[in-house]
Amino acid sequence: MPSQDTCVLISAALKKLALNQECRDAFSKDSLFFKLFEQAAHRYIVSSDREELAEKLQLLHDKGYRLGVEYVGEENHDPRVVQAFVDEYLKSIQTFAKAGLTPQLGFDLSAVGMLISQETAYRNAATILSAAAEHNISVMISMEHSSAVDKILEVYSQLAPDHSNIGLTVQAHLHRTLDDLPAIIGYGRKIRLVKGVYNEAREIALPRGAELDQRYLTLLAEILEANIAVSCATQDPNLIKRIFDQGYHSQIQELEMLHGVQPETMRKAKEAGLACRIAGVYGDSWYLHFLHRLAESPENVLESLADFYDPSRIVFGAGY
């Protein structure tokens, strides 16, 4: 295996590639990258279409897992693309209701119009929240890069008082989270606590390491002390162990992990009595999601190359 320093550079390079606008603009179903890696990407992408998605979610539900769903797509500038994204969520809610499923939905505000205007994002998010509430479906607003946090919190402050089925993702690595958290707690809505996936400058965020792990646990303790429902969303087995060792597992609402990432770790947590949510994504715009999964560890890069060579290695639900 490469050295730790090399692993850090590999991760940074993949995240940089994920955010490269030229590469993202060139990504489509007709692009070479899509054609080469579509099958390998399906280790992390539950389904390309909504109908197959419901069938696969049912399999995971039958194994005893809570479910989360996100339609891949972010940073939409085109009003037509934004409307298509919103329409997809409204249709998916009907599909899930028909199948008797109540997965937690998630999306970026930049995908529902934030880059057009905050009013557009608010209006579209409110439409999805209201439709989801009719079928007892919760919605988790994702967090984005640090430059977007102020606007996200402003829109959330408008949505949270009127929608009891809303939740917000909070990034532990951002220094500002220590100051933002009390106001977020004040809305009384569910919090999804993550480490944070975006590359940020040291003056803005902590890098991965012991200090970030400790901050995550400190923030978790503050949320629990306020008696707020919290989901620990992490793929880090060492952090999961500390959550168990310090007794937080009996107080949190659930452990959440992305589909396809360390399923054995999640299965062991479930077998230990912890409620577990598998967060799945679907759709064809998987470039960013796929590269972020590869960036999480060199092993994922190697496994992806093996999947590219032999796609039959990917068996949906295996390991769970």
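About the cut-offs
Residues numbered from 1 in each chain as written. Predicted model: local features only at pLDDT ≥ 70, side-chain atom pairs only at ≥ 80, totals over all residues. Heavy atoms only, no water. Helix = DSSP H or I, 4+ residues; strand = E, 2+ residues; numbered from the N terminus. Expected span 1.5 Å × (residues − 1). Buried < 20%, exposed > 50% of the residue type's maximum accessible area, 1.4 Å probe, protein only. Contact = heavy atoms within 4.5 Å. Polar contact = N/O pair within 3.5 Å; in protein donor to acceptor, adjacent residues only side chain to side chain. Salt bridge = Lys/Arg side-chain N within 4 Å of Asp/Glu carboxyl O. Pairing = 2+ DSSP bridges. Axes fitted to C-alpha atoms, helices over the stretch in contact; angles between N-to-C directions. Parallel < 35°, antiparallel > 145°, perpendicular 65-115°, else oblique. Left-handed = near helix turned anticlockwise from the far one by under 90°. Nonpolar A, V, L, I, M, F, W, Y, C, P; charged D, E, K, R; others polar. Phe/Tyr/Trp six-rings, centres within 6.5 Å; stacked < 30°, edge-to-face > 60°. Lys NZ or Arg CZ within 6 Å of the ring centre and 35° of its normal. Core = buried A, V, L, I, M, F, W, Y, C linked by side-chain atoms within 4.5 Å. Disulfide = S-S within 2.5 Å.

1. As for helix 5 (residues 79-99)
Move 1: With 21 residues, helix 5 ought to run about 30 Å at 1.5 Å a step, and its terminal C-alpha atoms sit 30 Å apart, in line with that.
Move 2: When helix 5 is considered as a whole, its buried residues turn out to be V82, F85, V86, E88, Y89, S92, I93, T95 and F96.
Move 3: If you follow the buried residues of helix 5, they end up packed against helix 4 (50-62), strand 2 (66-71), strand 3 (104-107), helix 6 (118-133) and strand 9 (276-282).
Move 4: At the N-terminal boundary of helix 5, the capping side chain belongs to D78, with an oxygen 2.9 Å from the backbone nitrogen of R80.
Move 5: Positioned one or two residues after helix 5, G100 has a phi angle of 75°, which is positive.

2. Examining unusual backbone geometry
Move 1: Backbone geometry at N136 places phi at a positive 60°, although glycine is not the residue there.
Move 2: With respect to the helices and strands, N136 occurs in the loop between helix 6 and strand 4 (139-141).
Move 3: Taking relative accessible area as the criterion, N136 reaches 67% and is therefore assigned exposed.
Move 4: One non-glycine residue with positive phi stands out, namely Q262, at about 45°.
Move 5: Of note, Q262 is situated in the loop between strand 8 (254-258) and helix 11 (263-271).

3. A look at the pattern of salt bridges
Move 1: Enumeration according to the criterion identifies 20 salt bridges in this entry.
Move 2: Note that K29 and D284 form a salt bridge whose closest N and O atoms lie 3.5 Å from each other. Of the two residues, K29 sits in the loop between helix 2 (21-26) and helix 3 (32-41) while D284 sits in the loop between strand 9 and helix 12 (287-295), which places them 255 residues apart along the sequence.
Move 3: In this structure K29 comes out as exposed when scored by relative accessible area, which is 52%.
Move 4: One salt bridge connects D307 with R313, and the closest N-O pair in it is separated by 2.4 Å.
Move 5: By relative accessible area, which is 1% here, D307 ends up buried.
Move 6: For R313, a relative accessible area of 36% gives the class partly exposed.
Move 7: Residues joined by salt bridges that share partners form a network here, namely R43, E303, D307 and R313.

4. Focus on the pairing of strand 9
Move 1: Among the seven residues that make up strand 9, seven are buried, leaving the element largely enclosed by the rest of the structure.
Move 2: Of the two faces of strand 9, the one holding C276, I278, G280 and Y282 and the one holding R277, A279 and V281 are both buried throughout.
Move 3: Two elements, strand 1 (residues 45-47) and strand 9, share two bridges in a ladder whose sense is parallel. Bridge pairing in strand 9 places S47 opposite Y282.
Move 4: Note that strand 2 and strand 9 share six bridges and pair parallel. Along strand 9, the bridge assignment pairs G68 with A279.
Move 5: Both strand 8 and strand 9 contribute to a ladder of four bridges, which runs parallel. Looking at strand 9, one finds that L258 is bridged to A279.

5. Details of the packing of helix 6 against helix 7 (residues 149-159)
Move 1: Contact geometry of helix 6 with helix 7 gives a least axis separation of 10 Å together with a crossing angle of 45°. Classified by the angle between their axes, helix 6 and helix 7 sit oblique to one another. Handedness of the helix 6/helix 7 crossing: right-handed. Seen from helix 6, the contacting residues are Q118, Y122, A125, A126 and L129; seen from helix 7, they are K151, E154, V155, Q158 and L159.
Move 2: For the contact of helix 6 with helix 7, a count of residues per class yields six nonpolar, two polar and two charged.

6. Details of the packing of aromatic side chains
Move 1: Going through the model one piece at a time under the given rule, you end up with 19 aromatic pairs.
Move 2: Pairing Y156 with Y187 gives two aromatic rings, centres 5.5 Å apart and planes at 85°, and the pair type is edge-to-face. With Y156 in helix 7 and Y187 in the loop between helix 8 (177-186) and strand 6 (190-194), this residue pair connects regions lying 31 residues apart in the sequence.
Move 3: In textbook terms, an aromatic cluster arises when at least three aromatic residues are bridged by ring pairs, as seen for F27, F33, F34, F37, Y44, W286, Y287, F290 and F308.
Move 4: Above the plane of the ring of Y65 lies K270, whose end atom (NZ or CZ) is 5.0 Å from the centre.

7. Points about the nonpolar core
Move 1: Membership of the largest hydrophobic core comes to 74 residues, with the highest contact counts inside it found for F107, L109, L193, L220, I243 and I252.
Move 2: Each residue touching I243, except ones within four places of it in the same chain, is listed here: Y216, L217, L220, C232, Y248, H249 and I252.
Move 3: Formed by 21 residues, the second largest nonpolar core is a distinct cluster that contains A40, V261, V281 and L288.

8. A look at the state of the cysteines
Move 1: This model, assessed by the stated rule, comprises zero disulfides.
Move 2: A disulfide-free cysteine, C232 has its sulfur positioned 11 Å from the sulfur of C276, the nearest such atom.

9. Some details on the environment of A131
Move 1: With respect to the helices and strands, A131 occurs in helix 6.
Move 2: The exposure class of A131 is buried, given its relative accessible area of 16%.
Move 3: When residues no more than four places from it in sequence are discounted, the contact partners of A131 are L90 and I93.

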